[in-house]
Amino acid sequence: MAAQLPLDDIARLADLHPKPGHIRFQYGTAGFRTLGSVLDSVLFRVGVLAGLRSKKLDGKTIGVMVTASHNPEPDNGVKLVDPRGEMLEASWEAHATSLANAASTEDFLQAVDAVVKNAKIDLSKPAKVIYARDTRPSGPSLVASLEDGLKAIGAETRDAGVTTTPILHYLVRAINTKGTSAEYGDDSEDGYFKKLSGAFKQLVSGKPALPPLVVDCANGVGANAVEKIVPYLGDSLTFIPHNTATATPGALNNACGADYVKTTQKLPPSLANELKSGERGCSFDGDADRLMYFYIDARNQFRMLDGDKIAALVAGFIVELVKNAGLEEKIRVGIVQTAYANGSSTKYLADRLPVRCVPTGVKHLHHAAEHFNIGVYFEANGHGTVLFSPETQGTLASYEPSTPAQSTALKHLRNLVQLINQTVGDALSDLLLVETVLAHKSYSGVEWDSLYVDLPNRLVKVLVADVRAFQTEDAERRLVSPRGLQGKIDALVKRYEGGRSFVRPSGTEDVVRVYAEAVMKSQADELAFRVAGLVYDETGGDPATRPKEFL
Ligand SMILES: CC(=O)N[C@H]1[C@@H](OP(=O)(O)O)O[C@H](CO)[C@@H](O)[C@@H]1O
Ligand SMILES: [Mg+2]
């Protein structure tokens, strides 16, 4: 007889985690994310779902990360990690949403049954799940709810404790590749730190040490990872960690971290006296999967080096190594960006390499990058990584160089494969990657920054009655609905030198986002506020509450 769902166990435990009445949950770009205080039922149900996902995949280990990344401290969230360490397959997002929204325990049991039937899950298969959380105060109780869900579905579990999102992704891949030819590394934090630091030390060996690096840890879990990797790095790199107060109430992501830097285009106030002219620093976000760099220029001005600048730096270095190794005929390097990439970065990169633009959200970038032999992807906000296709990894492993120069370049490429966390964007791994390139090129922030000059830009949020009325095409660069609006935006954009603007519904907030750039800052701001005003007025915004800055 086919195995059955343990309905009694599920029902008994589900009763302990009732869904709050009026809330509708949505598994979006970043999983479930909202106030931590309303997520109890969601965590329980995600536990059950993670068990089902593992059964569906023959007992491969699934990851569950409890985090709300760069959001304010009272928020929390949860997302699933598939066996190769990548985001949950898109078709299962609907299953997650349906389980989360079942009103009663009975409805929930029915929803579970529907997933089992729909996804043709063999319940006799084992379920294995590894989970972790960031440092948020709501984490422990939400993990307890998750554990109840995992118990209800009878999953075998492993608690990875408090760690970064990218370390959890690493662990998932390491567990699922253990003992195979594709073994990703030892399935422990120690294995992760050894893998990254070992590759880094080889990459920078013989290069003059760079000045110490200021790291803003956003008062989040990245502080732990930075502290732990220090002994592994030895004297190959020195950190000056800041914003490491993971236990101070209200400190997480507060006036610090990668999102603060990107959205305000400012230095976190806590670093005001830490960086002198010419010095560089960087910021992680709250779960350490985003990275922003910056430096203070000769006129004492703050200069930001965002995800686009990281992509340009890293791609240039990799292309050079591929060429020096004599592999340019075999290995094609490509770039993936979103519409938010600065126009100057797109131009700079497209003059040198194939560039693809995809909709916002890491899963889109990741999948597109898989189509290149080496795919470099970064969102402007600093989330990204580099993917080496399995064939390319094979080529690098078996290639026989014919000169000492080729041999050196090949060795560097092999070490990059180890250094880079290919499962997902990883602030720590990306930091070591950037530092590697800076060391090889003897660049400070100034030379790196001068690869191209960013176009001034502005991002504005617009509150509209119905976000769903906004639909886009061409990788979100053009609106198809509301009808007629795109034509009006086009007419506005034409009036600005170097003007570009697009409007899209956010996937993580109930707002519409307007992006604009132009050759002058004042013009970029003006264009953004004109387009925002247009969006507001054309979609029936109340004149009484129209934001003053909209033009
Ligand atoms: C303009 C912007 O930064 N958008 C962010 C934000 O998405 P929205 O769909 O724009 O809300 O959150 C996503 C998840 O973290 C991230 O992938 C994306 O880049
Ligand atoms: Mg994050």
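Residues numbered from 1 in each chain as written. Chains lettered and ligands numbered in written order. Predicted model: local features only at pLDDT ≥ 70, side-chain atom pairs only at ≥ 80, totals over all residues. Heavy atoms only, no water.

Some details on the site of ligand 1
Around ligand 1 sit R290, Y340, T360, G361, E379, N381, R504, S506, G507, T508 and R513, and those are all the residues in its vicinity. The contact in question runs from an oxygen atom of ligand 1 to an N or O atom on the side chain of R290, over 3.3 Å. Bound to the protein, ligand 1 loses 87% of the 440 Å² it would expose on its own. In the shell around ligand 1, the residues fall into 1 nonpolar, 6 polar and 4 charged. When residues of the shell around ligand 1 are assigned to domains, at least three map to each of domain 3 (307-449) and domain 4 (457-550). (Near = heavy atom within 4 Å. Polar contact = N/O pair within 3.5 Å; in protein donor to acceptor, adjacent residues only side chain to side chain. Areas by Shrake-Rupley, 256 points an atom, 1.4 Å probe, with all protein chains shown as cover. Nonpolar A, V, L, I, M, F, W, Y, C, P; charged D, E, K, R; others polar. Domains from an automatic or database assignment.)

A short note on the packing of helix α7 (residues 189-204) against helix α15 (residues 427-441)
Remark: α7 packs on α15, axes separated minimally by 10 Å, with the N-to-C direction vectors making an angle of 5°. Looking at the two axes, α7 sits roughly parallel to α15. Facing Y192, F193, L196, F200, L203 and V204 of α7, the residues of α15 in contact are L428, S429, L432, E435, T436, A439 and H440. Its residues placed into classes, the contact of α7 with α15 shows 9 nonpolar, 3 polar and 1 charged. (Axes fitted to C-alpha atoms, helices over the stretch in contact; angles between N-to-C directions. Helix = DSSP H or I, 4+ residues; strand = E, 2+ residues; numbered from the N terminus. Parallel < 35°, antiparallel > 145°, perpendicular 65-115°, else oblique. Contact = heavy atoms within 4.5 Å.)

A short note on the coordination of the magnesium ion (ligand 2)
Within the protein, S69 (OG), D285 (OD), D287 (OD) and D289 (OD) serve as the donor atoms for the magnesium ion (ligand 2), at 2.0 to 2.2 Å. Linear spacing of the donor residues for the magnesium ion (ligand 2) on their chain is S-x215-D-x1-D-x1-D. Assigned by exposure class, D287 and D289 land together as buried. (Donors = N, O, S within 2.8 Å, 3.2 Å for Na, K, Ca; no water. Buried < 20%, exposed > 50% of the residue type's maximum accessible area, 1.4 Å probe, protein only.)

Considering the domain arrangement of the protein chain
Its domain assignment divides the protein chain into domain 1 (7-162), domain 2 (190-304), domain 3 (307-449) and domain 4 (457-550). On a C-alpha basis, the centres of domain 2 and domain 3 stand 21 Å from each other. Between domain 2 and domain 3, the buried area comes to about 2900 Å², and carbon and sulfur atoms account for 66% of it. Among the residues of domain 2 in contact with domain 3, L203, L291 and Y293 are the three that bury the most area, contributing 22% of the side total. Linking domain 2 to domain 3 there are 2 salt bridges. (Buried area = accessible area lost by both parts, 1.4 Å probe. Salt bridge = Lys/Arg side-chain N within 4 Å of Asp/Glu carboxyl O.)

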